[in-house]
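Now for the letters of each chain:
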Amino acid sequence: MKTEQLYRELGIDSDVLLFGQEIEQSLKKRFAVIDETVEYNQLKVLQAMQKNKVSDVHFAATSGYGYNDLGRETLERVYADTFHTQAALVRPQITCGTHALGVALSANLRPGDELLSPVGKPYDTLEEVIGIRPSMGSLAEYGVTYRQVDLEEDGSFAYDKIKEAVNERTKVITIQRSKGYQTRPTLSVDRIRELIAFVKKIKPEVICMVDNCYGEFVERIEPSDVGADMVVGSLIKNPGGGLAPVGGYIAGTEACIEQAAYRLSTPGLGKEVGATLGVMQSFFQGFFQAPAVVGSALKSAVFAANIYERLGFDVLPDGSESRHDIIQAVTFHKPEGVIAFCRGIQAAAPVDSFVVPEPWAMPGYDSDVIMAAGAFVQGSSIELSADGPIKPPYSVYFQGGLTWPHGKFGILKSLQKMKEAGLVTL
Ligand SMILES: *Cc1c(COP(=O)(O)O)cnc(C)c1O
């Protein structure tokens, strides 16, 4: 059977397929560059695994207190060696990215200290962690104050204002690498280097934490290679490689990680406890696969950008600019576009492809939201997924793709739905 026929059986007509193939042809050079990054990062992870003599004894399940969990200790060495940090905390007890960030922050701040974000508003869920929006148990309730310096209009750092904002109480600065669901550009690791160098010149002892969510393995270096004291992320995004069923990580200096471990478990116990219950193999294997999976997600994002840019929609990043995370935004300027796009992504999924997503009121959002997620791991956004708030300018945020052929199929399916709804003509 020909590939085209399988596409047809899966609901992709020949106009859509041809359009996609033409775009794919034009991306050969871009994809080759992504493949080179994958190759480099694959070797980096492999080297860390070999150096630490990863062996099948490390995949054994532990229970109870989890004392002397060899797998956990070795995995944390593998993360530390990959991120070039002194230590790491990589645990299934870290429930998500927000939790990892919350632990990293609250562990390293004390009453009277101040937290500074020199890159504008942090990710939505951190507003309650910090207390920007009042919440039970926020840093604000514990007497930690917060200051924020927004980026300049053109996206550059407001160096003068940052200098003014750093004071004798500034203890931690938080830098979000990915734009998340904002419209600012994502920060490259080189820009993070400049920002950290600037802040450390003013106050050398300040702790620089980078929210690394969606950024891992997109470049050859990580923020921890350029002066960050902590990098923090979720295992159901990039570094879990699609296999980790839960978890988060914090990699950084011995001092910061020790603090984080005491906060995550309890003072006195720290890193020594935390049974891994059989998830270690998926953590190791997922990390091993993560560079290639991130490469697939990047190709899918670049493909989507070029497809929708060619059709005249606003895309961020645009079709040709360099990438620093795996998120792709497409703006349709009407709700039908967001809905058709998400329905296409859902219909392309390996799990729950028969479900038709509908816009819905979700807690924490000020408009209806539509979400497409046919994932093996609930809410996993390294798997092909998309979501969009039903409000102007009607943008959809797309990310993930465990394999490039699946990412490609998902985007073609979205295009098919757009075509069928009369929203594009090819
Ligand atoms: C996803 C994300 C978070 C929060 O992670 P959750 O796992 O959803 O709690 C924080 N910051 C950024 C930039 C993210 O992309």
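Structure shown above.
Residues numbered from 1 in each chain as written. Predicted model: local features only at pLDDT ≥ 70, side-chain atom pairs only at ≥ 80, totals over all residues. Heavy atoms only, no water.

1. Focus on the nonpolar core
- By size, the foremost hydrophobic cluster in this structure holds 98 residues, and its most contacted members are Tyr-79, Ile-175, Tyr-308, Phe-332, Phe-341 and Ile-411.
- Among the elements that line this core, the one with the most residues is helix H10 (residues 280-310), at 15 residues.
- Viewed by domain, this core spans two of them, domain 1 (3-42 + 288-420) and domain 2 (60-278), each represented by three or more residues.
- Leave out the neighbours within four places in its chain, and Phe-332 touches Tyr-308, Phe-313, Gly-337, Val-338, Phe-341, Pro-393, Tyr-394, Val-396 and Met-418. (Core = buried A, V, L, I, M, F, W, Y, C linked by side-chain atoms within 4.5 Å. Buried < 20%, exposed > 50% of the residue type's maximum accessible area, 1.4 Å probe, protein only. Helix = DSSP H or I, 4+ residues; strand = E, 2+ residues; numbered from the N terminus. Domains from an automatic or database assignment. Contact = heavy atoms within 4.5 Å.)

2. What to know about the pairing of strand S2 (residues 114-117)
- In S2, alternate side chains face the same way, and those of Glu-114 and Leu-116 on one face and Leu-115 and Ser-117 on the other are all buried.
- Where S2 and strand S3 (residues 145-148) come together, four bridges link them in parallel fashion. Across the sheet, the residue bridging to Ser-117 is Gln-148, located in S3.
- Two strands pair when backbone bridges link them, and S2 and strand S4 (residues 170-176) are joined in this way by three bridges, in the parallel orientation. (Pairing = 2+ DSSP bridges.)

3. Description of the sheet that holds strand S10 (residues 360-361)
- Read from one edge to the other, the open sheet built from six strands follows the order S8-S9-S13-S12-S11-S10, with strand pairing classed as antiparallel. Only two strands of the sheet have a single neighbouring strand rather than two, namely strand S8 (314-316) and S10.
- Relative to strand S9 (residues 328-331), S8 runs antiparallel, the two sharing three bridges. Note on S9: the bridge partner recorded for Leu-316 is Ala-329.
- Running at roughly 15 degrees to S9, H10 makes contact with S8, S9 and strand S13 (395-399) of the sheet.
- Across the face of the sheet, helix H11 (residues 335-347) comes into contact with strand S11 (368-373), strand S12 (385-389) and S13 while running at roughly 25 degrees to S11. (Axes fitted to C-alpha atoms, helices over the stretch in contact; angles between N-to-C directions.)

4. Digging into the site of the ligand
- Near the ligand the following residues occur: Cys-96, Gly-97, Thr-98, Leu-101, Tyr-123, Gln-176, Asp-211, Cys-213, Tyr-214, Ser-234 and Lys-237.
- Backbone polar atom of Gly-97 to an oxygen atom of the ligand: 2.8 Å apart, as the coordinates give it.
- The contact in question runs from a nitrogen atom of the ligand to an N or O atom on the side chain of Asp-211, over 2.6 Å.
- Counting residues per element, the shell around the ligand draws most heavily on helix H5 (residues 97-108), at three residues.
- The residue inventory of the shell around the ligand, partitioned by class, reads five nonpolar, four polar and two charged. (Near = heavy atom within 4 Å. Polar contact = N/O pair within 3.5 Å; in protein donor to acceptor, adjacent residues only side chain to side chain. Nonpolar A, V, L, I, M, F, W, Y, C, P; charged D, E, K, R; others polar.)

5. Some thoughts on empty space enclosed by the protein
- Evaluation of the coordinates by the stated rule reveals one cavity of 30 Å³ or more.
- When its volume is computed, the largest cavity comes out at roughly 30 Å³.
- The wall of the largest cavity is formed by Ser-117, Val-119, Gly-120, Pro-122, Leu-126, Thr-174, Ile-175, Gln-176 and Asp-211.
- When its residues are assigned to classes, the lining of the largest cavity shows four nonpolar, four polar and one charged. (1 Å grid on protein atoms, 1.4 Å probe; cavity = no way out; pocket = protein on both sides within 12 Å on 5 of 7 lines; lining within 4 Å. Points joined across faces, edges and corners; volume = space filled by probe spheres on them.)

6. Quick word on the sheet that holds strand S5 (residues 207-211)
- The mixed open sheet is built from seven strands, whose spatial order is S1-S7-S6-S5-S4-S2-S3. One side of each edge strand has no neighbouring strand; the edge strands of this open sheet are strand S1 (87-91) and S3. Taken pair by pair, the neighbouring strands of this sheet meet at an average axis angle of 20 degrees, ignoring direction.
- Strand direction decides the pairing type here: S1 and strand S7 (residues 248-252), joined by five bridges, are antiparallel.

7. Some thoughts on the packing of helix H3 (residues 28-51) against helix H4 (residues 70-83)
- Viewed as axis vectors pointing N to C, H3 and H4 meet at an angle of 135 degrees, and their least axial separation amounts to 9 Å. When the axis of H3 is compared with that of H4, the two are oblique. Once H3 is placed against H4, the crossing between them reads as right-handed. Only Val-78, Asp-81 and Thr-82 of H4 make contact with H3, whose side of the interface consists of Lys-44, Val-45, Ala-48, Met-49 and Lys-51.
- Residue classes in the contact of H3 with H4 are distributed as four nonpolar, one polar and three charged. (Parallel < 35°, antiparallel > 145°, perpendicular 65-115°, else oblique. Left-handed = near helix turned anticlockwise from the far one by under 90°.)

8. Quick look at the packing of aromatic side chains
- This model, assessed by the stated rule, comprises 20 aromatic pairs.
- On the numbers, 6.2 Å between centres and 35 degrees between planes, the contact of Tyr-7 with Phe-409 is tilted. Placement of Tyr-7 in helix H1 (residues 3-9) and of Phe-409 in helix H12 (residues 404-420) is noted, with a sequence separation of 402 residues between them. Phe-409 carries the same exposure label as Tyr-7, and that label is buried.
- Summarising the aromatic geometry, the rings of Tyr-308 and Phe-332 are spaced 5.7 Å apart at their centres and angled 90 degrees between planes, so their arrangement reads as edge-to-face. Here Tyr-308, found in helix H10, pairs with Phe-332, found in the loop between S9 and H11; they are 24 residues apart in sequence, far enough to count as distant.
- On the basis of relative accessibility, which here comes to 0%, the residue Tyr-308 falls in the buried class.
- Among the aromatic residues, ring-to-ring pairing joins Tyr-79, Phe-83, Phe-217, Tyr-249 and Phe-287 into one connected group. (Phe/Tyr/Trp six-rings, centres within 6.5 Å; stacked < 30°, edge-to-face > 60°.)

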